[in-house]
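Understanding the architecture of this molecule
Single-letter residue listing:
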Amino acid sequence: MYVKLKQNENYVKIYIKDGTMELILVCDDDREIVDAIKIYLSGEGFEVLTAYDGEEAIQLMEKHKVDLLIIDIMMPVLDGIRATMQIRENSTIPIIMLSAKSEDADKILGLNIGADDYLTKPFNPLELVARVKSQLRRYKKLGNMSMPEPQKVVVGDLEIDDETKEVVVAGELIKLTPIEYNILLLLAKNAGKVYSIDEIYEQIWNEEAIGADNTVAVHIRHIREKIEINPKEPRYLKVVWGVGYKIEKHG
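Residues numbered from 1 in each chain as written. Predicted model: local features only at pLDDT ≥ 70, side-chain atom pairs only at ≥ 80, totals over all residues. Heavy atoms only, no water.

With that settled, consider the UniProt feature "modified residue: 4-aspartylphosphate" (unreviewed entry) in the protein. Mapped onto the present numbering, the UniProt feature "modified residue: 4-aspartylphosphate" (unreviewed entry) falls at Asp72. Among the structural elements, Asp72 can be located in strand S5 (residues 68-72). (UniProt positions renumbered as here; feature names shortened; annotations may be inferred. Helix = DSSP H or I, 4+ residues; strand = E, 2+ residues; numbered from the N terminus.)

Here we take up the sheet that holds strand S6 (residues 95-99). Strand order in this open sheet of five strands is S4-S3-S5-S6-S7, and the pairing throughout is parallel. Each edge of the open sheet carries a strand with a single partner, namely strand S4 (47-51) and strand S7 (117-120). The mean inter-strand angle of the sheet, taken between neighbouring strand axes irrespective of direction, is 20°. Inspection of the sheet shows strand S3 (residues 23-27) paired to S4 by five bridges, in the parallel sense. Across the sheet, residue Cys27 finds its bridge partner in S4, namely Ala51. (Pairing = 2+ DSSP bridges. Axes fitted to C-alpha atoms, helices over the stretch in contact; angles between N-to-C directions.)

This part covers the packing of aromatic side chains. Any pair of aromatic rings gets described here by the distance separating the centres and the angle formed by the planes. Applying the stated criterion across every chain yields a total of one aromatic pair. Plain terms: the ring middles of Tyr201 and Trp205 are 4.6 Å apart, the flat faces sit at 10° to each other, and that makes the pair stacked. Here the residue Tyr201 and the residue Trp205 both occupy positions in helix H7 (residues 197-205), the gap between them amounting to four residues, near one helical turn. Overall, Trp205 belongs to the buried group, its relative accessible area being 3%. The ring centre of Tyr52 lies 3.8 Å from the NZ or CZ of Arg31, which sits over that ring. (Phe/Tyr/Trp six-rings, centres within 6.5 Å; stacked < 30°, edge-to-face > 60°. Buried < 20%, exposed > 50% of the residue type's maximum accessible area, 1.4 Å probe, protein only. Lys NZ or Arg CZ within 6 Å of the ring centre and 35° of its normal.)

A few words now on helix H3 (residues 80-87). Listing the buried residues of H3 in full gives Gly80, Ile81, Ala83, Thr84 and Ile87. Angularly, the buried residues of H3 cover 165° about the axis, an arc narrow enough to put them on a single face. The N-capping residue of H3, defined by a side-chain oxygen 3.0 Å from the backbone nitrogen of Ile81, is Asp79. (Arc of directions from axis to C-beta. Polar contact = N/O pair within 3.5 Å; in protein donor to acceptor, adjacent residues only side chain to side chain.)

Together, Ile39, Tyr40 and Leu126 make up a nonpolar patch on the protein surface, roughly 320 Å² of accessible area in all. Positionally, Tyr40 belongs in helix H1 (residues 31-43). For Tyr40, a relative accessible area of 37% puts it in the partly exposed group. (Patch = residues over 30% accessible without salt bridge, like charges linked within 9 Å, V, L, I, M, F, W, Y side chains within 5 Å. Areas by Shrake-Rupley, 256 points an atom, 1.4 Å probe, with all protein chains shown as cover. Salt bridge = Lys/Arg side-chain N within 4 Å of Asp/Glu carboxyl O.)

Further remarks concern the pattern of salt bridges. Charged atoms that come close allow side chains of opposite charge to pair. A full pass over the atoms with the stated rule returns 13 salt bridges. For the salt bridge of Lys121 with Asp28, the shortest nitrogen-to-oxygen distance reads 2.9 Å. Placement of the pair is Lys121 in the loop between S7 and helix H5 (125-141) and Asp28 in the loop between S3 and H1, with a sequence separation of 93 residues. A salt bridge links Glu248 to Lys246, with the nearest nitrogen and oxygen atoms 3.4 Å apart. The exposure class of Lys246 is buried, given its relative accessible area of 18%. Connected through shared salt-bridge partners, Asp28, Asp72 and Lys121 make up one network.

Written as structure tokens, this is what we have:
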């Protein structure tokens, strides 16, 4: 919540923590970018931690309960790609990557190893704030809809518990990132229905699908690697060539 304190005839707005503030970790070796992002996020009521290389970010995450990570790809000591790989071993928090225009291959690699979204520098800070809020809504409030829906989705040996956000395949617990979970839940709830890449992107990212092919394909491939015994011959997540993707119905 906000309160106003009078100081030298002027009112100063100060944020008082009431237990609902989300903690964002911003990691970039460019201190000006970190400072700018912190100003915008703090202005929206977020608590912000800062780091300037991947190793420092990992150390901070071990000490604090971080709700979302914003991390640059190119950094000294430990870059964003390797840092994300290490973080994904123990955490499923949303991760937004920052990259230069010349690093398209790294952006795809980042999505492939567990990042949920990325922005290309230079970017509009307001767009970054909007993406942070969108990722947190999916992560914190997934399934919190006005109309009640079944908490469990079962397709063959694939079970999704939308209350605990757990995915189990043949009795084995599978760890998914928030974006991966959302895509799988969408397709599993509508088993048999084919979704185009644009339809998946617009429903999961809540924005117009422009050049979404690589982004969606990377997440689909990652889901397959986690839920399929043989990703090259998938039992659940099928491609319908020239149309899109679907979860195969199982009796």
